[in-house]
Structure formats: structure tokens, C-alpha cells
Amino acid sequence: VLDALYISHLTANGILPHSRNCNNQVITLEDHYVWCGMGAIVQQALCNTSSNVTCLGVKTIPYSKHESKILEEFALDGTLLFEQLRTLCISPQKE
């Protein structure tokens, strides 16, 4: 887990070793729209590598709703987020 809030400049050299330790799987999580967010920065940094970047976050403009309903709709609440991450992280073991 990298907390990008405390990283001043994301580069492929900074992210790639962590990606390799995770079978080249990188998952970003936005608490808002995915456009022009941290996921886009990570995707750009890793575009010429073998890393697979999955961006989770709000992907369409939601109707006016309570925050908990928006998080549920985009599978970003605790239970649904856990299920998404579990599904994304299940992969064959390294040989």
C-alpha cells in the first residue's frame, strides 16, 4: 500500500518495484472521480511497463444522493470495495 498523499512525485521507478512485488497488479482508489486523479497519474507512469493498473472510484456523474448511497452505487463502500479488491487480487501463484 502506497499512500500517495505523502509522495511528492510519482514515477515509474518509484512505483515499479512495488508493482513487481504484487504480480504487476496495481490498484488505485479514488474517493472522487477517476478522471485526472491519482489513477491516471499512475497509469501514465506505468504505461510502458508490464504493470496492470485498475482504477477504482466514481466513474459517472451520480445523481444527488447521500454520500453512503453514492459509495454503495460505485462499489466503494466497505463491503463492496473488499469484494472488488478480493476479486482483483486473486491470481495464480508465482512458480
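Rules and cut-offs
- Residues numbered from 1 in each chain as written.
- Predicted model: local features only at pLDDT ≥ 70, side-chain atom pairs only at ≥ 80, totals over all residues.
- Heavy atoms only, no water.
- Helix = DSSP H or I, 4+ residues; strand = E, 2+ residues; numbered from the N terminus.
- Buried < 20%, exposed > 50% of the residue type's maximum accessible area, 1.4 Å probe, protein only.
- Areas by Shrake-Rupley, 256 points an atom, 1.4 Å probe, with all protein chains shown as cover.
- Arc of directions from axis to C-beta.
- Contact = heavy atoms within 4.5 Å.
- Polar contact = N/O pair within 3.5 Å; in protein donor to acceptor, adjacent residues only side chain to side chain.
- Pairing = 2+ DSSP bridges.
- Right-handed = clockwise from strand over helix to strand, strands pointing away.
- Salt bridge = Lys/Arg side-chain N within 4 Å of Asp/Glu carboxyl O.

### Some details on the overall build of the protein chain
In terms of regular secondary structure, the protein chain is built from four helices and two strands. Of the regular secondary structure in the protein chain, the N- to C-terminal order runs α-β-α-β-α-α. Summarising its shape, the C-alpha atoms of the protein chain cover approximately 45 × 30 × 20 Å along the three principal directions. Counting all 95 residues of the protein chain, 26% fall into the buried class. For the protein chain, the exposed area adds up to about 7,100 Å²; of that, 56% sits on carbon and sulfur atoms.

### What to know about helix α1 (residues 12-21)
Among the residues making up α1, those that are buried are Ile-15, Leu-16 and Ser-19. Buried residues of α1, viewed axially, fall in a sector of 110 degrees; they line one side. Summarising the geometry of α1, the exposed residues directed more than 90 degrees from the buried face are Asn-13 and Asn-21. Looking at the buried positions of α1, the neighbouring elements they touch are β1 (25-33) and α2 (38-45). In the stretch just after α1, Asn-23 is the one whose phi turns positive, near 55 degrees.

### Some thoughts on the environment of Lys-59
Residue placement: Lys-59 occurs in the loop between β2 (52-58) and α3 (67-73). On the basis of relative accessible area, Lys-59 is assigned to the partly exposed category, the value being 44%. In this structure Lys-59 touches Val-34, Trp-35 and Phe-74, once residues within four positions along its chain are discounted. Separated by 2.9 Å, the side chain of Lys-59 and the backbone oxygen of Cys-55 make a polar contact.

### Description of the pairing of β1
Bridge count between β1 and β2: six bridges; the pairing is parallel. Residue pairing in the sheet places Thr-28 in a bridge with Cys-55 of β2. Regarding topology, α2 serves as the crossover connection from β1 to the parallel β2, and that connection is right-handed.

### Remarks on the pattern of salt bridges
On inspection of all chains with the given rule, the structure shows one salt bridge. Two residues, Glu-83 and Arg-86, come together in a salt bridge whose shortest N-O distance is 3.0 Å. One end of the pair is Glu-83 and the other is Arg-86, both in helix α4 (residues 78-89) and three residues apart, which spans about a single turn.

### A look at unusual backbone geometry
Within the chain, Asn-24 stands out as a residue other than glycine whose phi angle is a positive 60 degrees. Judged by relative accessible area, which is 23%, Asn-24 ranks as partly exposed. The backbone of Ala-75 sits at a positive phi, close to 55 degrees, despite the residue not being glycine. Looking at where Ala-75 falls in the secondary structure, it is placed in the loop between α3 and α4. Accessibility expressed as a relative area gives 18% for Ala-75, which makes it buried.

Honestly, it's all geometry; don't read function into it.
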